[in-house]
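Fold and contact review
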Amino acid sequence: MAKINTQYSHPSPPCPAGRTTDRDLNHIENGVSRTHSPCEDTSSELQQGIAMETRGQAESRRSSFTGQGPARMWRLLVSLRVWAARYLHHRDQRPDSFLERFHGAELKEVSSRESNAQSNVGGQEPAGGTSDKARKEEKEKKEGERQENCVKQEEKTIVVDPSSNVYYHWLTVIALPIFYNWCLLVCRSCFDELQSQHLMLWLVLDYCADVLYGLDVLVRARTGFLEQGLMVRDAKRLWQHYTKTMHFKLDVLSLVPTDLAYFKLGVNSPELRFNRLLKLTRLFEFFDRTETRTNYPNVFRIGNLVLYILVIIHWNACIYFAISKFIGFGTDSWVYPNISNPEYGRLSRKYIYSLYWSTLTLTTIGETPPPVKDGEYLFVVIDFLVGVLIFATIVGNVGSMISNMNASRAEFQAKMDSVKQYMQLRKVTKDLETRVIRWFDYVWANGKTVDEKEALGSLPDKLRAEVAVSVHLGTLRKVRIFQDCEAGLLAELVLKLRPAAFSPGDYICRKGDIGREMYIIKEGKLAVVADDGITPFVVLSDGSYFGEISILNIKGSKSGNRRTANIRSIGYSDLFCLSKADLMEALTEYPDAKRALEEKGRQVLLKDNLMDEDLAKAGPDPQDLEEKVEHLESSLDTLQTRFARLLAEYSATQMKVKQRLSQLESQAKLCGGVPLPDGDPPEPGTKQQ
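Residues numbered from 1 in each chain as written. Predicted model: local features only at pLDDT ≥ 70, side-chain atom pairs only at ≥ 80, totals over all residues. Heavy atoms only, no water.

We now examine the pairing of strand β6 (residues 526-529). Regular strands place side chains that alternate from one sheet face to the opposite one. The two faces of β6 match: L526 and V528 on one face and A527 and V529 on the other face are all buried. The pairing of β6 with strand β7 (residues 536-540) spans 4 bridges and is classified as antiparallel. Considered in β7, the bridge of L526 is made with L540. In this structure, the hairpin formed by β6 and β7 is closed by a connection of 6 residues, where G533 is found at a positive phi of approximately 80 degrees. Of the pairings in the sheet, the one linking β6 to strand β9 (residues 566-569) comprises 4 bridges and is antiparallel in character. (Buried < 20%, exposed > 50% of the residue type's maximum accessible area, 1.4 Å probe, protein only. Helix = DSSP H or I, 4+ residues; strand = E, 2+ residues; numbered from the N terminus. Pairing = 2+ DSSP bridges.)

Looking now at the nonpolar core. Grouped together as the largest cluster of nonpolar side chains are 29 residues, with contacts concentrated most on F482, L489, L493 and L583. Of all the secondary structure elements, the ones that give two or more residues to this core are α21 (461-477), α22 (487-496), β5 (517-523), β10 (573-579), α23 (580-587) and α24 (591-607). Not counting chain neighbours up to four residues away, the residues in contact with L489 comprise A586, L587, Y590 and A593. Counting residues in each nonpolar core, the second largest holds 21 residues, with C187, C190, V311 and V335 among its members. (Core = buried A, V, L, I, M, F, W, Y, C linked by side-chain atoms within 4.5 Å. Contact = heavy atoms within 4.5 Å.)

Glancing now at a negative patch on the surface. A surface patch of negative charge is lined by E626, E627, E630, E633 and D637. Positionally, E626 belongs in helix α26 (residues 622-671). (Patch = residues over 30% accessible without salt bridge, like charges linked within 9 Å, V, L, I, M, F, W, Y side chains within 5 Å. Areas by Shrake-Rupley, 256 points an atom, 1.4 Å probe, with all protein chains shown as cover. Salt bridge = Lys/Arg side-chain N within 4 Å of Asp/Glu carboxyl O. Lys, Arg positive; Asp, Glu negative; His and termini not counted. Charge placed at Lys NZ, Arg CZ, Asp CG, Glu CD.)

Let's shift gears to the side chain of N181. If you trace the backbone, N181 turns up in helix α7 (residues 165-190). Dropping the residues within four chain positions of it, N181 is found in contact with A209, Y213, R276 and L277.

What follows concerns the environment of C208. Summarising the element assignment, C208 is placed in helix α9 (residues 199-221). For C208 and P177, which are 31 residues apart along the polypeptide, the C-alpha to C-alpha distance reads 8.3 Å.

With that out of the way, let us pick up the confidence of the model for the protein chain. Residue-level pLDDT values for the protein chain average 77, and 75% of them are 70 or greater. Here residues 56-67 is modelled with pLDDT under 50, and outside its nearest four sequence neighbours on either side it reaches 26 contacts, counting other chains as well. (pLDDT = per-residue confidence, 0-100.)

A few words now on the pattern of salt bridges. With the rule as written, the count across this model stands at 24 salt bridges. The salt bridge involving R220 is made with D216; its shortest N-O contact spans 3.7 Å. Linking R220 with D216, this pair stays in helix α9, spanning 4 residues, or about one helical turn. Among the salt bridges present, the one from E599 reaches R602, with a minimum N-O distance of 3.5 Å. In this pair, E599 and R602 are both assigned in helix α24, 3 residues apart and thus about one turn of the helix distant. With a relative accessible area of 38%, E599 lands in the partly exposed category. When its relative accessible area of 27% is taken as the criterion, R602 is described as partly exposed. Several salt bridges share partner residues, and in doing so they unite D216, R220, D251, K279, R282, E285 and R289 into one network.

Bringing the sheet that holds strand β4 (residues 507-509) into the picture now. Strand order across the open sheet formed by 4 strands is β4-β9-β6-β7, with antiparallel pairing between neighbours. Of all the strands in the sheet, just β4 and β7 have a single pairing partner and so form its edges. Within this sheet the neighbouring strands show an average axis-to-axis angle of 30 degrees, counted without direction. With 2 bridges joining them, β4 and β9 adopt antiparallel strand pairing. The residue bridging Y507 from the neighbouring strand is R568, located in β9. (Axes fitted to C-alpha atoms, helices over the stretch in contact; angles between N-to-C directions.)

The sheet built from 4 strands is open, its strands ordered β3-β10-β5-β8 with antiparallel pairing. Pairing within the sheet leaves two strands with one partner each, and these edge strands are β3 (498-502) and β8 (545-546). Where β3 and β10 come together, 5 bridges link them in antiparallel fashion. Its bridge partner lying in β10, P499 is registered against F576.

Let us look at the packing of helix α13 (residues 280-293) against helix α14 (residues 297-327). For any two helices packed against each other, the geometry comes down to the angle between their axes and how far apart the axes lie. The interhelical angle for the contact between α13 and α14, taken along N-to-C directions, is 155 degrees, at an axis separation of 10 Å. By the angle between their axes, α13 is roughly antiparallel relative to α14. Residues F284, F287, T290 and E291 of α13 touch α14, and the partners they reach there are P297, F300, R301, N304, L307 and Y308. Of the residues belonging to the contact of α13 with α14, the class tally is 6 nonpolar, 2 polar and 2 charged. (Parallel < 35°, antiparallel > 145°, perpendicular 65-115°, else oblique. Nonpolar A, V, L, I, M, F, W, Y, C, P; charged D, E, K, R; others polar.)

Structurally, R188 is set in helix α7. Relative accessible area serves as the criterion here: at 2%, R188 is assigned to the buried category. Residues R188 and C318, spaced 130 residues apart in sequence, show a C-alpha to C-alpha distance of 9.1 Å. When near neighbours in sequence (up to four residues on either side) are disregarded, R188 contacts Y180, L194, Q195, W202, D206 and P270. Of the polar contacts made by the side chain of R188, one reaches the side chain of Y180; its length is 3.1 Å. (Polar contact = N/O pair within 3.5 Å; in protein donor to acceptor, adjacent residues only side chain to side chain.)

The next thing to look at is a nonpolar patch on the surface. Together, V211, L215 and L218 make up a nonpolar patch on the protein surface, roughly 280 Å² of accessible area in all. Under the relative-accessibility criterion, L218 is labelled exposed at 56%.

What is expected of a backbone is that most residues other than glycine have negative phi and most peptide bonds are trans. Of note in this structure, Q228 is not a glycine but carries a positive phi near 55 degrees. Positive phi values are uncommon outside glycine, yet K427 reaches one of about 60 degrees. If you trace the backbone, K427 turns up in the loop between α18 (407-425) and α19 (430-445). Classification of K427 by relative accessible area gives exposed; the value is 72%.

Below is the structure:
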């Protein structure tokens, strides 16, 4: 730093000094702003800033006492700006912790090398740079340890998958105390003898149910949920998710210890535990999952409906007995008879009589004693309304369930009736009509009416492929030409297999027919017969196959794509059929597999002496060339369509750009030039450039 000597300084006009100071200040600011560019040398810019500062001090020395105050302020400002530029430049070059978290240690190493290189280029404060590096490494180490601890903690956290068998089994367990409370709490509250005679049993069952309720809260708190397709396993997030649901509020209310009032009211007051009934949604969840898992959903729905009706009748019977007790037994003809009579004083008679009255009232199928008092009339009216609702529910649900159970039978019967009508209209012979009816009977008796494509059509492609592979892959691998094929090709082929059923005496293929399908025998027996259709040559059984060579259309085959034998079904036979079109469609994506299959077919033909080598060595088949030309023409049409669409989009975009440029030119002409900064109007007498 140059020392200011005021003894030899001469006063100078303030305006030039001020202009010099402003010019130098702008120059320094421009130099500092360039330090943010990563492509320039930081140390040279800092030296330039120091030189500018020294030159500014020399200029201020010439300004004497008049410019001493602004010069000091200017030097302070320059020092602050240089320090701030160096500090911000160092801060901007620090590595991104978010990227480090996903890219691992390699990115951290590269970032640390870059930061070290930049700190060495700056050449300023090496001790501070070393301490920053140490702090940064320590921070990264702590962050890595924290993430490892979080991962280990999540692995140790027990999370219940709601789609697992464990969760369903727990639903089965928790459904028992819920059903117990819904059936017996109201019964114990209305029939005093039932509560008092088995008090210890009820207390044990009640508090066992409370323990299960508490465990269910813990299970719900650890039940995982999907977020972006992944199971959340963080215990804190699971608890927060559970506490925000309505189930949490109902679970808490169902666990409120209302039975503490036993100390004041006595243990023969089970109605204090009615808050345990709030957990009914858990029972509904168990019913829903059982209906999804069972193989007999219609039977389960009917049983579930009957259970609901019985519970409603049970509650209505208990309420009827409670109303009779409140009014007085035997006070009129509507209430329960006087219990002083030994016949009506027994507990079993009390419940059965009330249940009988409730059943007659709700089903509205019997005569009951008419009510006498206003409260009795009101209760009977409500019962009648509930009974009408129950009757409508029974009729509607049972009718729909029965129709669903017989839907497949009705559809099959409609198809058979339509075929019968057609045969009767076209005067088909009785023999053929009998064969058709027998085939329908066989298909229905053996459960072969299900269309696989329709049944599996609602599944995603991957699941449908897995189901088809598990069912048909073993059958397809029995074919010798498919034994060494790729797994992807086999997966596509099993999706294209179609079931076919044949009745006794049916021809699967005749000699000389064009081969468009190959067949795999799933069940039944087929006979290769002579031209007379009677003399058998060989019998084919389960797992056999034929027609695989004809669908490959191998060049040089003496038989071409014609059938070489007559094959008839001896009895009822089930076969899988693979068409030539489906095979060629699958092979378009597997050219290597296609060449391998053709080579295997040639070897089979050579082995059976059915290959004409001269014809195989001839030029390409004209039909193949025509197919290739047609394929090229279709591809060219597709490309032309795409090119036309792209050209139209380009023209539209070009028009928009031209319109935008025209608008900008018109706006520039209206403004007459570039506006001054800060919107200041031009001074009078000045000319715009």
